[in-house]
Amino acid sequence: MGSVLRKLILPVLAVLCVVLALNPAGPVNGPAERAARDAATASLGVYVALRSINAALSFAQEIEVGGSVGLSANAQPLKFLEPIDDTVERVAALVFGVTLFAGTLSIGIGPVASIGFLVLAVGLGVQWLRGPLERRAGSMAAPVCRAGSACSFTGVMLALALPLSLALGNLLGEVVTDAKWQEANAELEQVASFAQSLLGAHDVVAASEEAAGGNAAGGWIGWLQDSLGAAGAGLSGAVAQTDGYLEAAGYFMSNADTLLESSLTLVAIFLLRTLILPLAFLAVAVALLRQSWRST
């Protein structure tokens, strides 16, 4: 009875594996693709936020504040933010690497699973023909049977264990790290919003200075009035700008630890969801499959 069921089930399973191999967006690897795609989308949002902060810091370092009363002097009051800027740029590059890895997983899990189903179909076919092969070929059939067992093991790993490990790892990672994710993401968005406001404030100041420079009176009296007015506006503008930029510098310096800690927390969460936990589930699957293969 068992041999009859085996003869009936094995070819049916082999045909089912071929059908699943021809359908890359099947029910098995679909959750894994969605998990990797969601991770890539979320990490891309973090990358954009970090790059906006990096752009604001880089721009702020190049801002020159100057004033003139006969003499002129320029300074770059936010140049000391360069170490923070460099660190944010490196973290952004790391996040981009995680985004690229997750995006590759979302695209590659389907073809890998299809290959796994094809290999599994070959292994099931060999197992189905194992009896006739051993009867007709004798000891010559042993290498073919071992190859069939290897194909079955490899196919199960690629077609089932790998996608399920990725989906389960991402699901468990979301449950475990959701609170830390929300907190770190909120902190990063707060700093990114301030960085954008810094750029906006500088544009407003530049526009007001340009408008003030366009108001000119005629004659030498007008020239004298414009010169004195420009000198006073230059000094007051320099003081106002310096105070604003130093306040911005103080904000970045006081929130540097928060910025870097939240960024690294998000990177760690991405790696936990897309790499560490899936590898842990995959290791458990390998151990269980090896034990079951030895016992059969």
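Residues numbered from 1 in each chain as written. Predicted model: local features only at pLDDT ≥ 70, side-chain atom pairs only at ≥ 80, totals over all residues. Heavy atoms only, no water.

Here we look at the overall build of the chain
Basically, it comes down to this: In this text, helices come from DSSP runs of H or I with a minimum length of four residues, and strands from runs of E with a minimum of two, each type numbered from the N-terminal end. Type-normalised accessible area, obtained with a 1.4 Å probe on protein chains alone, sets the label of each residue: buried when under 20%, exposed when over 50%, and partly exposed for intermediate values. Contacts were defined at the residue level, with two residues in contact if any of their heavy atoms lie within 4.5 Å. Using the Shrake-Rupley algorithm and a 1.4 Å probe, accessible areas are obtained, with residue cover drawn only from the displayed protein chains.
For the chain, the helix and strand inventory stands at 7 helices and 2 strands. Its helices and strands taken in sequence order, the chain reads α-α-β-β-α-α-α-α-α from the N to the C terminus. Sorting the 296 residues of the chain into buried and exposed places 36% on the buried side. Considering only contacts within the chain whose residues lie at least 6 apart along the sequence, 85% involve residues at least 24 apart. Here the chain displays about 16,400 Å² of accessible surface, and carbon together with sulfur accounts for 68% of that area.

Remarks on the nonpolar core
The following threshold applies: Residues enter a nonpolar core if they are buried and are Ala, Val, Leu, Ile, Met, Phe, Trp, Tyr or Cys, with the set joined through side-chain atoms within 4.5 Å.
By size, the foremost hydrophobic cluster in this structure holds 27 residues, and its most contacted members are Val46, Leu50, Ile53 and Leu188. Contributing elements (two or more residues each) for this core: α2 (30-61), α3 (82-128), α5 (141-213), α6 (219-254) and α7 (256-295). Excluding anything up to four places from it in sequence, Ile53 contacts Val88, Leu188, Val191, Ala192, Ala195 and Leu259. Within the second largest apolar cluster, 18 residues are counted, among which are Leu120, Leu282, Ala285 and Leu289.

Some remarks on a nonpolar patch on the surface
This is how it is decided: Patch rule: a residue counts if its relative accessible area is over 30% and it has no salt bridge; like charges are joined within 9 Å, and nonpolar side chains (Val, Leu, Ile, Met, Phe, Trp, Tyr) within 5 Å. Any Lys or Arg side-chain nitrogen located within 4 Å of an Asp or Glu carboxyl oxygen qualifies as a salt bridge.
On the surface, a cluster of nonpolar side chains totalling about 610 Å² of accessible area is made up of Leu160, Leu164, Leu168, Leu171, Leu172, Val175 and Val176. Position of Leu160 relative to the elements: it lies in helix α5.

Quick notes on the confidence of the model for the chain
Cut-off, in case you're wondering: On a range of 0 to 100, pLDDT expresses the predictor's confidence in each residue.
This prediction gives the chain a mean pLDDT of 76; 72% of its residues lie at or above 70. Here strand β2 (residues 71-75) stands out as the element of the chain with the lowest mean pLDDT, 48, in contrast to α3, whose mean of 89 is the highest. Below pLDDT 50 for its whole length, residues 227-239 participates in 9 contacts with residues either more than four positions away or in separate chains.

Topic: the packing of aromatic side chains
In plain terms, the rule: Ring geometry is summarised as follows: Phe, Tyr and Trp rings, the Trp one being its six-membered ring, pair when their centres sit within 6.5 Å, and such pairs are stacked at plane angles under 30 degrees, edge-to-face over 60 and tilted between the two.
If you walk through the whole model with that rule in mind, you get 2 aromatic pairs. Centroid distance Tyr47 to Phe96: 5.2 Å. Interplanar angle 45 degrees. Geometry classified as tilted. Of this pair, Tyr47 sits in helix α2 while Phe96 is found in helix α3, placing the two residues 49 residues apart along the sequence. What makes Tyr47 partly exposed here is its relative accessible area of 22%. Relative accessible area serves as the criterion here: at 41%, Phe96 is assigned to the partly exposed category. A centroid spacing of 5.3 Å and a plane angle of 70 degrees characterise the contact between Trp181 and Phe270, whose relative ring orientation is edge-to-face. Separated by 89 residues along the polypeptide, Trp181 in helix α5 and Phe270 in helix α7 bring together distant segments of the chain. Exposure class is identical for Trp181 and Phe270. Each is buried.

A short note on the side chain of Asp85
The following threshold applies: When charges are tallied, Lys and Arg are placed among the positive residues and Asp and Glu among the negative ones, while His and the ends of the chain are skipped.
Structurally, Asp85 can be placed in helix α3. As a buried residue without a salt bridge, Asp85 has its nearest oppositely charged side chain in Arg51, at a separation of 7.1 Å.

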